[in-house]
Amino acid sequence: MPLTLTVLGTASPHPGPDRPCSGYLLSGGGAEVWVDAGPGTFAALQRHTDPARLTAIWISHLHADHSADLLAAAYAFAYGGATPPAPIPVYAPQDCADRLAGFLGRADVDFLKGVLDFRTLYDGHDVRHWNLRLTARAVAHDTEAYGLRAECQGSVLAYSGDSGPCAALGELASRADLFLCEADIDAHRDGEDREQVHLTPEDAGRIAFEARVRALLVTHVGPTLTREQATARAAAVSGRLTRAAVEGDVHTV
Ligand SMILES: [Zn+2]
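Residues numbered from 1 in each chain as written. Predicted model: local features only at pLDDT ≥ 70, side-chain atom pairs only at ≥ 80, totals over all residues. Heavy atoms only, no water.

Looking at an unreviewed UniProt entry, one finds the protein chain named MBL fold metallo-hydrolase and attributed to Streptomyces yokosukanensis.

Draft legend 1. Region of the structure containing the coordination of the zinc ion. All of the protein donors around the zinc ion are His61 (NE2), His63 (ND1), His141 (NE2) and Asp162 (OD); their distances to the metal are 2.2 to 2.3 Å. Of note, the donors binding the zinc ion are all from one chain and are spaced H-x1-H-x77-H-x20-D. In this pair, histidine 61 sits in the loop between β4 (56–58) and α2 (64–67) while aspartate 162 sits in the loop between β10 (155–159) and α5 (167–173), placing the two residues 101 residues apart along the sequence. Relative accessible area serves as the criterion here: at 2%, aspartate 162 is assigned to the buried category. (Donors = N, O, S within 2.8 Å, 3.2 Å for Na, K, Ca; no water. Helix = DSSP H or I, 4+ residues; strand = E, 2+ residues; numbered from the N terminus. Buried < 20%, exposed > 50% of the residue type's maximum accessible area, 1.4 Å probe, protein only.)

Draft legend 2. Representation of the sheet that holds strand β12 (residues 215–219). Pairing is mixed across the open sheet formed by seven strands, whose spatial order is β7-β8-β9-β10-β11-β12-β13. Whereas interior strands pair on both sides, the edge strands pair on one side only; in this sheet they are β7 (126–129) and β13 (241–244). Direction aside, neighbouring strands of the sheet carry axes that sit 20 degrees apart on average. Sheet strands touched by helix α6 (residues 201–210): β11 (178–182) and β12. Its angle to β11, the strand with the most contacts, is close to 155 degrees. Here helix α7 (residues 227–238) sits on the sheet in contact with β12 and β13, set at roughly 170 degrees to β13. (Pairing = 2+ DSSP bridges. Axes fitted to C-alpha atoms, helices over the stretch in contact; angles between N-to-C directions. Contact = heavy atoms within 4.5 Å.)

Draft legend 3. A negative patch on the surface, seen in detail. Together, Asp95, Asp98, Asp108 and Asp110 line one region of the surface with negative charge. As for its position among the elements, aspartate 110 is in the loop between α4 (96–103) and β6 (116–120). Aspartate 110 sits in the partly exposed class, given a relative accessible area of 43%. (Patch = residues over 30% accessible without salt bridge, like charges linked within 9 Å, V, L, I, M, F, W, Y side chains within 5 Å. Areas by Shrake-Rupley, 256 points an atom, 1.4 Å probe, with all protein chains shown as cover. Salt bridge = Lys/Arg side-chain N within 4 Å of Asp/Glu carboxyl O. Lys, Arg positive; Asp, Glu negative; His and termini not counted. Charge placed at Lys NZ, Arg CZ, Asp CG, Glu CD.)

Structure representation (structure tokens):
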């Protein structure tokens, strides 16, 4: 089975009609992984697969626009009858389970033990499910955050998660077949020493060019840009096939 990326949602920072926040379904090598659980993506996921059959859930960081639909998934798995045959591994930054429990008004997530299995991500985290290998690298954001490199039988997908410019993004994207990259902001603010936590379209294009990716997919475009503008600006510097991530699209990596 070739590696495919299904776009479930791309919106930043809140969902819109038919436009959930960040979420993707990564399929290949016998595995199906829900990557980021932005609001609205659990519903979209059900158009493409049976959530109870997910191999894993992989969460880049715990900002609500990337993780809030873990609540929807917990309800589906715990109360909705969508019981997975075995607990689904949830690869996520530390505290994910405690945060979920807090929102649900529970002391812990023991009541989800039979359906979700929380495992903490770290820089260099590497796991294989059948022929799909997932590698996490810490990236530059205003909370603990990871980018992803997914490899399957010679095909490589890289995903920025949310990040400012950093060396790890270039390493994740190195010669990737498809680089799914955020372009959240119109411009970096001048005169500020603080770490940048998002990319401009030009940043995304430059990283794609320098990493020699085969194709760039622009996502997570914030409210100061349209995705058409962001994609055109990224394309102007990427020198690579550059498209916008659009809900419902399926890309063969
Ligand atoms: Zn974020």
